[in-house]
Every structure is written in C-alpha cells, then in structure tokens.
Amino acid sequence: MKKLILLKALVFSCFFCFSAYAQKYESNWQSLRRVQVPKWLQEGKFGIYTHWGVYAVHAHGSNTTWYSNELYRNPHSEARKHFEGKFGSLDSIGYKDLILKFTAENFDAEEWAELFAKSGAKFAGPVAEHHDGFAMWDTQYSNWNAAKMGPKRDVVGELEKAIKAKDMKFVTAFHHAANWFWYPVSDARYDTSNPKYADLYGQYHKPGDQINEAFLDEWYHKIIEVIDNYGPDFIWFDFALDDIAEGYVKDFMTYYYNDALNKNKEVVITYKGHDLIPGSGVRDLELGQEDQLTYNEWITDNSVDDRGAWGWAENLTFKTPNRLIDNLVDRVSKNGYLLLNVGPKPDGTIPEGAKEVLLAMGTWLETNGEAIYGTSPWFIASVGPTNLEEVGEIGFNESDQIYTPEDIRFTVKGDNLYATFLDWPGDYAIIPVLRGDDPDVATGIEKYNTINPNDYKDVATIAGHDFKVKVEDLGTVKLSFKENQKVIATGGDFETKVNSGYYTQNGAEIFLETEEFEGYFVYDGETLHFTPEDLDTPVYRGFYKSEIKSISLLGDDKPLDWSLTRHGLVIKTPQKKGNYAYVFKIERHHKPVFKKH
C-alpha cells in the first residue's frame, strides 16, 4: 500500500514538475506570444499614471517632457529662450541644476493613491524614468535618482506601497530606451559632454553611433531592478523600444513573465507601434483610440491636460469630465483600456484642476461602473454620427469633438447588455441596432414621422394608385403600385423605369426595395410617407423581443416602458439624473422566452 502511495506521489510530482516546466517562458517570440492579457486588466479597464520628475520644475512648453531635448538640440527653440530667461545661460548651468528645485516637500504617496482610488482607477503608478535620465527610484545604476538628489525619497517605492494598499495594481513606466540620442553628449559647449554627469546625460558617443553594450546593459538591469524591488504588475514602454537589441528585450520579457509565474500573479507589458511581436504584449496608442471594434485588446495613454503637456506646466488647462468619460466609454466598447496621465507640481501636489476631473470621473463610475468594469465588448461597438479618424501607427487621433444623443456605445456582462448614450437622449432613448416588427407605439417621436396606428387604412387599397415621393439623393420619384405586390418607379435620377416589388406589414406599412434605394412607406389613405432605412446603421439580427426581462437607467433602477419597433428599441426615459454619459441596462433572459401554443 505504501509503495502504491509513493508511486502515485511520484507520478503526481513528475506531472506537476512537467506542467510547471511547460509553463515557463523561453526567450523567443514563439514562447513569449503565449502570454495572456491579465484578468485584472480585462476587468479593471481604467488606470492612472504620473509624469513627475525634474521636468516639472521648468513648467513650460506644449510638451513639458521634451523640454530638455529642445533645450540643448535647438538653440532657437522656445525651451532655450525660456530656460535662459528664467534660470540662466546654458553656458554656465544646465538641466542638471533644476534638480535642486525639484523639492517634493508636499509629496504624499498615500494622498495620491487615495485620489486615484476615488477616481475609479484599478491600476496606477509613476513614470520610473523619463527621457531625461533621472530615475525616480533608489537605483544602484546611477547616482542621479530621486532617492539621492532632489526629493531624496524613493518615489517609486513609496507609491508602490500606497497604491497596492488601496488594492490597485501597480504600474511603472519606462522611457529610457530613447535616452541614447536625447542629449548632445559630444557637444563640448554644454555640460552634457562632461563625464561627471554621464549617469544623467548618458555616456559619450558621437552622433549616429550605434547603441553600445554598456547602454543596453544599463537599460536591462534598471528594469530588472524595478521588477525585483517593487514588483510592478504593469510595465509600460514609450517609443524606441525597437532601438534596443532584440535579445535584451526578449530576455527582460522572459524574466518578467517567469517571475510572475513563480509569484502566481498576472502581469502585462505594453508597447507602441510594432516595437514588440504581436501577442507578446498589449499595444498602446498615444493620445489615440481605435475607431472600430478590434479583435485584439489595446490600451491608450491619454492625459488630463488638454494639450498633451504630460507634465505640470504653468497656465495649464484640463479636459472636461464629459470628454474623458466619453472617451473611456468609447475605448471600452471597442476592446480597449485607458491609462490616464496626471502631471503633479514639483512640490508634489496634484493640480486642483486635475483633482476635479478625476473626482468627477469617480462619481460617474460609482453610478455607471457596472457598464465598464468586468464587461466585454459586444457584437456591435457603436452607432451614431460622431466618428474618429483612423488611428495611426502610434495613435494621435483623439479629438475634442462633442458627442451627440445619437452616439451610443455598447458593452455586455453576463446576459445584461449596456447601451451608453454619450449625451442625454431626451424623452425617448432609441437604440437603432435593436429592431423588431412592432409598430411605433411610442407616440411623439417626431424624427421618425410616425403615424398613430389607429389612423392606418387597409393597405390593399394602395394597388392602382400613383404617388410622387421625395427620396434622398434621387429627387422626386413616381411610384405606381400594381396588383400582386408589384411597383414601378420612374422619374428622379432613374435612367429607366425600375420594376420592383413591395410587401406589407403592420397594417399600412409598406417595404420597398430596389437596387437604388430601400425604405419603409406608410400609407394613411391619402398620402404616402417615405421613411428611409438608415443603411449606415448596423443591425443585430439575433435580438428578440422575448429576450428582454426589463430595462432601467443606471442610477435610477426603476423598470422603464419600452417597445421594440422597426426603428429600433424605443425606451421611455425617466427624469434625467446625473451628468455626462447615460447607461441603459437591458436585462435579458439567457434564451428568448417563446409562448407555447
């Protein structure tokens, strides 16, 4: 018996070892593409990160984080003019001297984390190192870091503890792949060429020199150090990752993914453009978003400020909560996530304008988060007149356009379908992608020119009658109705007469279809009313009236009256509550409930 137990234990142990070994990632793309998008990201959707570093001191420029590059690279730049006017000549001082003014005396990691949690974020963290070469953690690979200079605090370490304590996943962002070409390290006119400052500005090399082994080693070891010391759940990369030798990138990813396996945690890496092989991480779009529902999951890095300054700047203004909420809803409906940036001041305080926006988002998510968190995209992501331009390789297609009451975005959770109207729809919320065969029982919807069903006449009397009807893009068309559901269309822009058919439903409703146009007509006994089908609006054919249990507005929760009409699902709205986007929850039976005959 003991032998049998030992044999079973041995078999189990070998199976476990084999399974664990099989799960290990190897340093090749075939293996790294097996990684799965974390469940916490799929459910959390929304996170915050902070661009906070030495660049907060100067507080200038359309993009404050590129200030140090323009300062040295372009003598005629606004950055150079601003620096020398405010701090002194670049002949005598340099960017390094701003570190003394990066005091962070009001930095409170717990206060930041509490704000991020109240905003509804499910993951958060800092930029660990930006292009300027100043690390925000206590690194052994450079003395130019926040623990030894400026704040003299381990910013990454403090935020890690505070953010994880609020049950959020921890983010660290890295821009340092681009640091090789950031400063003119061979230009003797500037302090960037002084070997004393090489840990900040980078080692000496001539323009055009290929990245060397020492730079690659430092790039790699800094990230590994952050993984080992702070355990980030999410590592975000800016551009230039494709400048790093491929083996270093694969080795880092292998280390990170296997470390997560050993700790039984899920992690994610995001990248821009085609800097990683598809499937090995999640693609990030800067200030952009997909214009259509995608097969792959994606994320976008955006900012609360309205000009893409990223860091703190004087006279900074902020996006409205309405704009940010609309964009969050739009992203989630199309299989995307949002990482939203905040740029604190050099003393460590978060600007009041940013706080107001974040808290407004949090208030909205308290009421409507059910339609965001833990949801999946639906078969149809969106309808409405407001569309984005196609996204570029890196992003940059976000706009400040105002969405209308006809712009609707969809998500689904379980059997519940959520239709989010990006503006208040009025007395009736009409969802055109969900269509049925009921007549329009919701009276007063003037936009559809509906006619009271009580006024319908017998449709058979239309045979033998001729009508002139204005049809969009075709002009005035003459329709001659014949027996046996035949109709002849002439006039307008037709070159010849069109022989077609028609069929009827719901009393006096007539549906006519030709190669040139299609649409519904309603005959009231005297006049023929044309109500064209919106051919640009998708329709989900697999939706049944008998699926619907009830419909409510999140934040109100009382059952609402509705009708599934040929124009769409028409919902009688309650009194308007809340602000920004409005979510109608359609609770459904798992299967349509058919009446037994």
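Scroll up a little and you will see the structure.
Nothing here was measured: the structure is a model prediction, and the numbers come from that model.

Peer 1: Got a minute to help me understand the overall build of the protein in this structure?
Peer 2: A tally of helices and strands in the protein yields 13 helices and 23 strands. A total accessible area of about 27700 Å² is found for the protein, and carbon and sulfur atoms account for 48% of it.

Peer 1: Help me understand the sheet that holds strand E1 (residues 46–50), please; the structure alone is not making it clear to me.
Peer 2: Strands in a sheet are paired, the pairing made by backbone hydrogen bonds, and the direction either parallel or antiparallel. Spatially, E1-E2-E3-E4-E5-E6-E7-E8 is the arrangement adopted by the 8 strands of the closed barrel, whose pairing is parallel. The mean inter-strand angle of the sheet, taken between neighbouring strand axes irrespective of direction, is 25 degrees. In this structure, strand E2 (residues 123–129) lies alongside strand E3 (residues 169–174), joined through 4 bridges in parallel fashion. Across the sheet, the residue bridging to Phe123 is Lys169, located in E3. Here helix H8 (residues 155–165) sits on the sheet and contacts E2 and E3; the angle it forms with E3, its principal contact strand, is near 150 degrees. Helix H12 (residues 321–333) contacts E1, strand E7 (298–303) and strand E8 (336–342) of the sheet and is inclined by roughly 150 degrees relative to E8.

Peer 1: Looking at this structure, how should I read the packing of aromatic side chains?
Peer 2: What describes a pair of aromatic rings is the distance from one ring centre to the other and the angle between the planes of the rings. This structure, assessed with the given rule, holds 38 aromatic pairs. Taken together, a centroid distance of 6.2 Å and an interplanar angle of 15 degrees make the contact between Trp66 and Phe239 stacked. Here Trp66, found in the loop between helix H4 (55–58) and helix H5 (67–73), pairs with Phe239, found in the loop between strand E4 (234–237) and helix H11 (246–262); they are 173 residues apart in sequence, far enough to count as distant. For Trp66, a relative accessible area of 28% translates into the label partly exposed. When the centroid spacing of 4.9 Å and the interplanar angle of 65 degrees are considered together, the rings of Trp378 and Tyr540 count as edge-to-face. Taken together, the residues span a long stretch of sequence, with Trp378 in strand E9 (residues 376–383) and Tyr540 in the loop between strand E19 (528–532) and strand E20 (548–553) at a distance of 162 residues. Feature note: the residues Tyr25, Trp137, Phe174, Trp219, Phe237, Phe252, Tyr256 and Tyr257 constitute an aromatic cluster, connected by ring pairs. We note Lys122 situated over the ring of Tyr373; from NZ or CZ to the ring centre the distance is 4.6 Å. Above the face of the Trp312 ring, Lys345 is positioned so that its terminal group lies 5.0 Å from the ring centre.

Peer 1: Whenever I open this one, the nonpolar core confuses me. Can you help?
Peer 2: Judged by nonpolar contacts, the single largest core of 124 residues is most densely connected at Trp219 and Phe252. Looking at which element gives the most residues to this core, the answer is helix H10 (residues 213–230), with 9 residues. When residues no more than four places from it in sequence are discounted, the contact partners of Trp219 are His176, Ala177, Phe237, Leu241, Ile244, Tyr248, Val249 and Phe252.

Peer 1: Whenever I open this one, the sheet that holds E9 confuses me. Can you help?
Peer 2: In space, the 5 strands of this open sheet follow the order E9-E10-E11-E23-E20, with antiparallel pairing throughout. In this open sheet, the two strands that pair with only one neighbour each are E9 and E20. Between one strand axis and the next, the sheet turns by 20 degrees as a mean value, whatever way the strands run. Both E9 and strand E10 (residues 408–413) contribute to a ladder of 4 bridges, which runs antiparallel. What sits directly across from Pro377, in E10, is Thr411. Along the sheet, H12 contacts E9, E10 and strand E11 (416–421); its crossing angle with E10, the most-contacted strand, is approximately 55 degrees.

Peer 1: I keep staring at H12 and nothing clicks. Help me out?
Peer 2: Count 3.6 residues to each turn of an α-helix, and residues three or four apart come out pointing the same way. With 13 residues, H12 should reach 18 Å at 1.5 Å per residue; the first-to-last C-alpha distance of 18 Å fits that figure. Along H12, 12 of the 13 residues are buried, which leaves the element largely enclosed by surrounding structure. Buried residues of H12: Pro321, Arg323, Leu324, Ile325, Asp326, Asn327, Leu328, Val329, Asp330, Arg331, Val332 and Ser333, and no others. After H12 finishes, the residue Asn335 shows a positive phi value of roughly 80 degrees.

Parameters at a glance
- Residues numbered from 1 in each chain as written.
- Predicted model: local features only at pLDDT ≥ 70, side-chain atom pairs only at ≥ 80, totals over all residues.
- Heavy atoms only, no water.
- Helix = DSSP H or I, 4+ residues; strand = E, 2+ residues; numbered from the N terminus.
- Areas by Shrake-Rupley, 256 points an atom, 1.4 Å probe, with all protein chains shown as cover.
- Pairing = 2+ DSSP bridges.
- Axes fitted to C-alpha atoms, helices over the stretch in contact; angles between N-to-C directions.
- Contact = heavy atoms within 4.5 Å.
- Phe/Tyr/Trp six-rings, centres within 6.5 Å; stacked < 30°, edge-to-face > 60°.
- Buried < 20%, exposed > 50% of the residue type's maximum accessible area, 1.4 Å probe, protein only.
- Lys NZ or Arg CZ within 6 Å of the ring centre and 35° of its normal.
- Core = buried A, V, L, I, M, F, W, Y, C linked by side-chain atoms within 4.5 Å.
- Expected span 1.5 Å × (residues − 1).

Keep in mind that these numbers describe shape and distance, not what the molecule does.
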